[in-house]
Amino acid sequence: MRKRLVIYNAIGMYLLQIAQIVYSIIIPRWLLIYYGSNVNGLLASITQFLSYIALMDAGVSAVLRSMLYKPLATKEYFTVQIITNSAQRFYRKIAFFFVFYLLSISIILPIILSSEFNWIYTCTLIFIVGLSTFSEYYFGIAYSTLLDADQKKYIYCTIHGISIIINLVISIILIKLGFSIHLVKLATAFVYMIKPIAISRYVRHAYEFNSNNSNTIEIKNKWVGMANHIAYFLHTHIDIILLTIVKGAKIVSVYSVYSTIVMGLVSLINSSIGGIEGLFGKINARNEQNKLIDVFNMTEYFVFTLSTILFSVAMVTIIPFINIYTRGITDVNYKKYLFAVLLLLAEFFYCIRIPYQSVIVAIGKIKETMKGAVVEVALNLVISITLVWKYSMVGLVIGTLCGMIYRTINYSLFISGCFIKVDIYNLLKRLVVAFVEMVCIVFLMNFLMNDNVNSYYSWIILACKTTIMSTSIVMVTNFCIFRGEASLLGKMIFERAGRVKKK
């Protein structure tokens, strides 16, 4: 049943990612055409500034998941409701604080961008975009956390995916009819406000929550995840904030286009192991340590292999895609190959550490990793702030890359000293092999198959060729060098497929 839930979550997250990728490809392109790079950059800046409210979470979501694993495993649903009630109370406080934060941003951001937009234009757009965030904190995050801990994230993915599709259709219709960006985003806000309400109703019904049970408990150690949370948050948000302040909305638009594509790739890899943290948590709750180690090792190898394949493909195909995607957009130059490669490398390091992050949360070792998170934040901030003035986006991504490399090695050393013997030299060996594979793939595709890519069709052909080439090189090389892990992973997949076929 546990493995079946992992499959359900992976399928649900894949379908959600497809919906998000389709939305992320279509809507920004329409925004660039109908409203220009300035407005696209403004929306990216507003989204990132408002997302800073997530710092109030302080990593509590991870702590809550750790608290929920045991009562979920033993089916103590009364305790589950008490923990969820406590989480809901905490997040509603954040929702009310968000209102004051929204007022502050509506004053500060229009001043920063006063040379590009008038005050009323920016201020009203900030309030409209903020509606869905308020709704998420007030109604939904506590219940989404419960579904995640119970390996039922596919339910959240289904509801979220439906809201994205509805939003996509409505946005296209409104943009095509010539409505202002404010009305388009207002319609988006109302659609996304329905999502957390639907999730809360489902959870309360599915888990038979008693409406008379309003008991709460103190969330112990709720601040232990703060450093890790801040590190993750800065990794995903600080660059656009700094660019908004230093370079303006047009450069933010360029960054956001690349970031949307690359983060879609990260989400795809995350989806491939959907619910793995919940699986780790349930196995650990049952004290099945040998099984936990086996599942972790297979997850690590799988993520490493998949990341190498997908990021190799991205390095070959991202600039041709950008050229096609931004064709006809002349207000700013979108062709930034060095930036693209560095951003892909930074997110590659983030992806290969996902198994480490997941198992650390699952076994409740968040507090012990705080020091590493602080160093990552310091590296990222100091290097980014120092270099952004002269090197713009490239300077920012160098800071991100340095932070990612440090934290990946730090995670590996911590896991090895904790309970799973991860050989740091084996990690370095995998990294060297991965980079050699990437260089070979990029070289072969650029010099042996120099396709003239000038349409989406020709880009798809290039992507298919690169994927076949990348998969072949990585799978064969990894099987020869890491034969033990490759054989064991293949055996587990075939055994699972055989059981499913018999059923």
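The structure displayed is predicted, hence computed values, not measured ones. (Residues numbered from 1 in each chain as written. Predicted model: local features only at pLDDT ≥ 70, side-chain atom pairs only at ≥ 80, totals over all residues. Heavy atoms only, no water.)

### Details of the overall build of the protein
Along the backbone of the protein there are 17 helices and zero strands. Buried residues in the protein amount to 55% of all 503 residues. Long-range contacts, defined as pairs at least 24 residues apart, comprise 86% of the intrachain contacts of the protein with a sequence gap of at least 6. Carbon and sulfur atoms form 67% of the exposed surface of the protein, whose accessible area is close to 22,200 Å². (Helix = DSSP H or I, 4+ residues; strand = E, 2+ residues; numbered from the N terminus. Buried < 20%, exposed > 50% of the residue type's maximum accessible area, 1.4 Å probe, protein only. Contact = heavy atoms within 4.5 Å. Areas by Shrake-Rupley, 256 points an atom, 1.4 Å probe, with all protein chains shown as cover.)

### Observations regarding the environment of N284
Along the chain, the position of N284 falls in helix α10 (residues 276–285). With 80 residues separating them along the chain, N284 and G364 place their C-alpha atoms 9.7 Å apart. Not counting residues up to four positions away in its chain, the partners in contact with N284 are Q289, L292, A362 and I363.

### Describing helix α2 (residues 37–50)
If you check α2, its first and last C-alpha atoms are 20 Å apart, about what 14 residues at 1.5 Å a residue would give, namely 20 Å. In terms of burial, α2 is a largely internal element, 12 of the 14 residues being buried. (Expected span 1.5 Å × (residues − 1).)

### With respect to the side chain of S163
Among the secondary structure elements, S163 is positioned in helix α6 (residues 153–176). Residue S163 is classed as buried on the basis of its relative accessible area, which comes to 5%. A distance of 2.6 Å separates a polar side-chain atom of S163 from the backbone oxygen of H160. (Polar contact = N/O pair within 3.5 Å; in protein donor to acceptor, adjacent residues only side chain to side chain.)

### What about the packing of helix α11 (residues 289–325) against helix α13 (residues 354–362)?
Their axes nearest at 9 Å, the elements α11 and α13 cross at an angle of 155°. By the angle between their directions, the pair α11 and α13 is classed as roughly antiparallel. Touching L292, F296, T299, E300 and V303 of α11 are P355, Y356 and V359, all from α13. Of the residues belonging to the contact of α11 with α13, the class tally is six nonpolar, one polar and one charged. (Axes fitted to C-alpha atoms, helices over the stretch in contact; angles between N-to-C directions. Parallel < 35°, antiparallel > 145°, perpendicular 65-115°, else oblique. Nonpolar A, V, L, I, M, F, W, Y, C, P; charged D, E, K, R; others polar.)

### So, the nonpolar core
With 143 residues, the main nonpolar core has Y91, Y258, F311 and F348 as its most contacted residues. Discounting residues that sit within four places of it in the chain, F311 has contacts with V262, L265, V266, I269, L344, E347, F348, C351 and M438. (Core = buried A, V, L, I, M, F, W, Y, C linked by side-chain atoms within 4.5 Å.)

### A short note on the environment of L462
In this structure, L462 sits in helix α16 (residues 456–481). On the basis of relative accessibility, which here comes to 5%, the residue L462 falls in the buried class. Contact partners of L462, with chain neighbours within four places excluded, come to V316, T317, P320, M445 and V453.

### Regarding a nonpolar patch on the surface
Taken together, the side chains of I7, Y8, I11, L15, I18 and V22 present a nonpolar region at the surface, about 520 Å² in accessible area. As for its placement among the helices and strands, L15 is situated in helix α1 (residues 2–34). With relative accessibility at 54%, the residue L15 sits in the exposed group. (Patch = residues over 30% accessible without salt bridge, like charges linked within 9 Å, V, L, I, M, F, W, Y side chains within 5 Å. Salt bridge = Lys/Arg side-chain N within 4 Å of Asp/Glu carboxyl O.)

### A short note on the pattern of salt bridges
Tallied over the entire structure, the rule returns five salt bridges. A salt bridge links E300 to R430; the nearest nitrogen and oxygen atoms lie 3.7 Å apart. Here the residue E300 occupies a position in helix α11, and R430 occupies one in helix α15 (residues 424–447), the gap between them amounting to 130 residues. Both residues of the pair, E300 and R430, count as buried. Of the charged contacts, one joins R407 and E376 as a salt bridge, the two residues approaching to 3.0 Å between their closest N and O atoms. This pair shows no difference in class: R407 is buried, exactly as E376 is. Among the ionic contacts, a cluster of salt bridges with common partners joins R353, E376 and R407.

### Let's talk about α15
Across its 24 residues, α15 extends 35 Å between first and last C-alpha, which sits within 8% of the 34 Å expected from 1.5 Å per residue. Taken together, the buried positions of α15 are occupied by I424, L427, R430, L431, V433, A434, E437, M438, I441, V442 and M445.

### Some thoughts on the confidence of the model for the protein
Per-residue pLDDT for the protein has a mean of 82; in total, 87% of the residues score no lower than 70. Confidence, expressed as mean pLDDT per element, reaches its minimum in the protein at helix α17 (residues 483–502) with 62 and its maximum at helix α12 (residues 337–352) with 93. (pLDDT = per-residue confidence, 0-100.)

### Some points on the packing of aromatic side chains
Each aromatic ring pair is described using two quantities: the centre-to-centre distance and the angle formed by the ring planes. Overall, the coordinates contain 19 aromatic pairs when judged by the stated rule. Relative to Y91, the ring of F90 has its centre 5.4 Å away and its plane inclined at 75°; by these criteria the two rings are edge-to-face. The burial state of F90 is the same as that of Y91; both residues are buried. On the numbers, 5.4 Å between centres and 85° between planes, the contact of Y258 with F339 is edge-to-face. (Phe/Tyr/Trp six-rings, centres within 6.5 Å; stacked < 30°, edge-to-face > 60°.)

### Some words on the packing of helix α9 (residues 249–272) against α12
In the contact formed by α9 and α12, the axes pass within 10 Å of each other and the chain directions differ by 30°. Between α9 and α12, the interaxial angle falls into the category roughly parallel. Considering only the axes of α9 and α12, their crossing is right-handed. Two secondary-structure elements touch here, α9 through Y255, Y258, S259, V262, M263, L265, V266 and I269 and α12 through F339, A340, L343, L344, E347, Y350 and C351. (Left-handed = near helix turned anticlockwise from the far one by under 90°.)

### Section: the side chain of S37
Looking at where S37 falls in the secondary structure, it is placed in helix α2. Those residues within four positions of S37 in sequence are excluded, and the remaining contacts are L32, A249, K250, S253, I329, D331, V332 and Y334.

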